[in-house]
Amino acid sequence: MQDLETKQDLDLRLGALISEHQHMPGALMPLLHAIQDNIGYVPESSYSQIGKALSLSVAEVHGVVTFYHHFRTHKPGRHVMQICRAESCQSMGSEALEAHAKKCLNVDYHQTTSDDAITLEAVYCLGNCALSPAVMMDEEVYGRVSAEDLDALIAEARA
Amino acid sequence: MTTKIYVPRDSSALSMGAEKVAVAIALEAKKRGLDITIIRNGSRGLYWLETMVEVATDQGRVAYGPVKAKDVPSLFDADFLNAKNHPLSLGLTEEIEWLKKQQRLTFARVGITDPVSLDDYIAHDGYKGLKKALTLSGAEIVKAVTDSGLRGRGGAAFPTGIKWNTVLGCQADQKYIVCNADEGDSGTFSDRMIMEDDPFVLIEGMTIAGVAVGATQGYIYLRSEYPHALKALNEAIAKAEAAGYLGDKICGSTHTFNLEVRRAAGAYVCGEETSLLESLEGKRGLVRFKPPLPAIEGLFGKPTVVNNVISLATVPIILDKGAQYYADYGMGRSRGTLPIQLAGNLKHGGLVELAFGITLRELLYDYGGGSATGKPIRAVQVGGPLGAFLPESQFDTPLDYEAFSNIWAVVGHGGIVAFDDTVDMAKMARYAFEFCAIESCGKCTPCRIGSTRGVEVIDKIIAGKDTAKNIKLVRDLSDTMLNGSLCALGGMTPYPVLSAMNHFPEDFGIAK
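Residues numbered from 1 in each chain as written. Chains lettered and ligands numbered in written order. Predicted model: local features only at pLDDT ≥ 70, side-chain atom pairs only at ≥ 80, totals over all residues. Heavy atoms only, no water.

Under the annotation held in an unreviewed UniProt entry, chain A carries the name NADH dehydrogenase (Ubiquinone) 24 kDa subunit and is attributed to Methylotenera versatilis. Chain A has a UniProt comment under Sequence similarities (unreviewed entry) that states "Belongs to the complex I 24 kDa subunit family." (UniProt positions renumbered as here; feature names shortened; annotations may be inferred.)

The following block contains the structure:
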């Protein structure tokens, strides 16, 4: 019953988002963004509903969702932490920062901490290269991040 | 009388605490009963000095930085509202040597204005280029862009005017202007700065492009990693629409131009123009075969101008001041200025706009201040993850498309990433292959398979297994990728790999 209610709720929200976006030229990308912004991820169970509305096969929807790094098919933690792995951040010690984060959070990339607080993701450039290494927490960027700064960010996210 | 205080809203400034500084200043002024107005400007691009706070005085704007929220009470105690001295004083902003020596054309307003104030934009020469364009024919506008010598700032350096001319010459019921704002190269942030810190200049440039070639719809394809740019662009577009600078009958003319921001989703390959178009159409970002060129069959099969942010944002000043004014800057066939981004292991990272022709050494030491760690700079990667690594012996190369091409390197988007002597170049070569493997669209075999095999072979070299044989294998593989890939991702990954091997052989276990 609980599940059914959730599924009905999900279908309703999907339906509203689909009718809002389906008439845009090239509607699939804006629609997927809207779904992820609204629900937190793009559930695989939504593919057939999206496909029907946009005249696409489930395989085509699946192909697009999985092609792009930004889209997730599973619920993330309450916060998403992205660590930049690109060259500029590497030149300022991002590898050590990555290792520190993985150790402290006890997760690898694309995983969520056991308390559901933080999902760890890799990112390739946040455009903050003059202040490397850079980290993004949800939608805020942090520059010249040290291990201590990272600990503080994690503590804040868990508070 | 109210005192104007400037605190940047640029995301790099925010990454150093600008929001907290702005809040602290507002609170402190209230506590002391002082009348101030805080303007959230863009960043001047002196990122090591962020948060850089400026106070408007009769002599001009006076700067303080880097300011932390905890410094705010002492700034008030020192009477910074009257430009008095403080340990963080930097003097008149325009007199700061780093800024004073620059030649800012595309970035003329960046850091000076409130990015989302249309009035401020117009007060600082905004929309002069569009007004001029509206008095010209499409062919005349395209000629101005061609005569300026402007080449694509996205990486391929193709002449912008030629692209526009092709679209102008096409007969179609619909044409498009697409701005490639999927800047994903490490070490580059000039697109982000334009979009966050002067979004109207991009909007104006795209509108001019639309008027020139007869396109009525524009799309900005924006990186999902840039949420602040999204906000600034949407705010600016709404204001431009409300004031008649976008929509039907722009500025009372017969022209129509509508603009929409579309979010990308973290695929590096979508910075390649045909992948980008596929993505905008709602598909996987697979590279298209060329021909047909996007200028002839682009978005939804219609003639489309696809340009980078900086190319489009440079158009307004060319129309305003004239093609010759712009072309007078630069050297050889690299005309005008380049917004150069200093990044990585440098003391003073930030945005430097200068005419083509300055050398890397001047940029790294006169502007960059040497390495942040104080160790010697050993390697510099120019032009993003597909750019070559340059050793110290090549630091005197001038920034010029042809000069770089002569040493088998690329200027690309003008991003410069410095590494000190702790860098392991075999690891960097491995990373280049790894990045290509993660980001390949998978359509062509050299890129899809070559990148994965590349990682494996480099791993063997790093482990010291059959070094000579495996070095030869990497060279063969690179040759296939260079000549057999469909786009620049697979086709240029050999640049960082081979340049690392050629210039730093000792890191691969081979004699120098």
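Right, let's get into the domain arrangement of chain A. Parsing chain A into structural domains produces domain 1 (7-67) and domain 2 (79-158). Taking only C-alpha atoms, the centre of domain 1 of chain A and the centre of domain 2 of chain A are 29 Å apart. (Domains from an automatic or database assignment.)

Let us now look at the interface of chain B and chain A. Each side of the interface is counted separately: chain B has 61 residues, and chain A has 39 residues. Summed over both partners, the interface of chain B with chain A comes to about 3,800 Å²; 56% of that surface belongs to carbon and sulfur atoms. When the buried surface of chain B facing chain A is broken down by residue, Arg263, Ala265 and Tyr431 of chain B rank first, second and third, together holding 16% of it. Counting every contact that joins chain B to chain A gives three salt bridges. In this structure, the salt-bridge partner of Arg85 of chain A is Glu434 of chain B, at a minimum N-O distance of 3.4 Å. Viewed at the interface, chain A and chain B are joined by 26 residue pairs in polar contact (both at pLDDT 80 or more). Contributions of two or more residues to the side of chain B that touches chain A are made by helix H1 (11-14), strand E7 (217-222), helix H11 (227-242), strand E8 (258-263), helix H12 (273-280), strand E12 (337-344), strand E16 (415-420) and helix H17 (425-439) of chain B. Ranked by residues supplied to the side of chain B that touches chain A, first place goes to H17 of chain B with seven residues. (Contact = heavy atoms within 4.5 Å. Buried area = accessible area lost by both parts, 1.4 Å probe. Salt bridge = Lys/Arg side-chain N within 4 Å of Asp/Glu carboxyl O. Polar contact = N/O pair within 3.5 Å; in protein donor to acceptor, adjacent residues only side chain to side chain. Helix = DSSP H or I, 4+ residues; strand = E, 2+ residues; numbered from the N terminus.)

All names here are of chain B. Spatial ordering of the open sheet is given by E2-E1-E3-E4-E5, a layout of five strands whose pairing is mixed. The sheet terminates laterally at strand E2 (36-39) and strand E5 (89-92), the two strands that pair on one side only. On average, adjacent strands in this sheet sit at an angle of 25° to one another, irrespective of strand direction. Bridging between strand E4 (residues 60-64) and E5 involves three bridges; their strand directions are antiparallel. Along E5, the bridge assignment pairs Tyr64 with Ser89. (Pairing = 2+ DSSP bridges. Axes fitted to C-alpha atoms, helices over the stretch in contact; angles between N-to-C directions.)

All names here are of chain A. The full count for this structure, using the stated rule, is zero disulfides over all chains. Cys84 forms no disulfide, and the closest cysteine sulfur to it belongs to Cys89, at a distance of 3.7 Å. Note on Cys84: relative accessible area 2%, which makes it buried. (Disulfide = S-S within 2.5 Å. Buried < 20%, exposed > 50% of the residue type's maximum accessible area, 1.4 Å probe, protein only.)

We now examine helix H4 (residues 58-67) of chain A. Looking only at H4 of chain A, the buried set comprises Val61, Gly63, Val64, Val65 and Phe67 of chain A. Of the surrounding secondary structure, the elements contacted by the buried residues of H4 of chain A are helix H2 (28-39) and helix H3 (47-54) of chain A.

This next bit is on the sheet that holds strand E14 (residues 377-382) of chain B. Residues and elements named next belong to chain B. Spatially, E13-E12-E16-E14-E15 is the arrangement adopted by the five strands of the open sheet, whose pairing is mixed. The sheet is open, and its two borders are formed by strand E13 (350-355) and strand E15 (389-391), each paired with just one other strand. When strand polarity is set aside, the average angle formed by the axes of neighbouring strands in this sheet is 30°. Relative to E16, E14 runs antiparallel, the two sharing five bridges. Bridging across to E16, Val382 finds its partner in Ile416.

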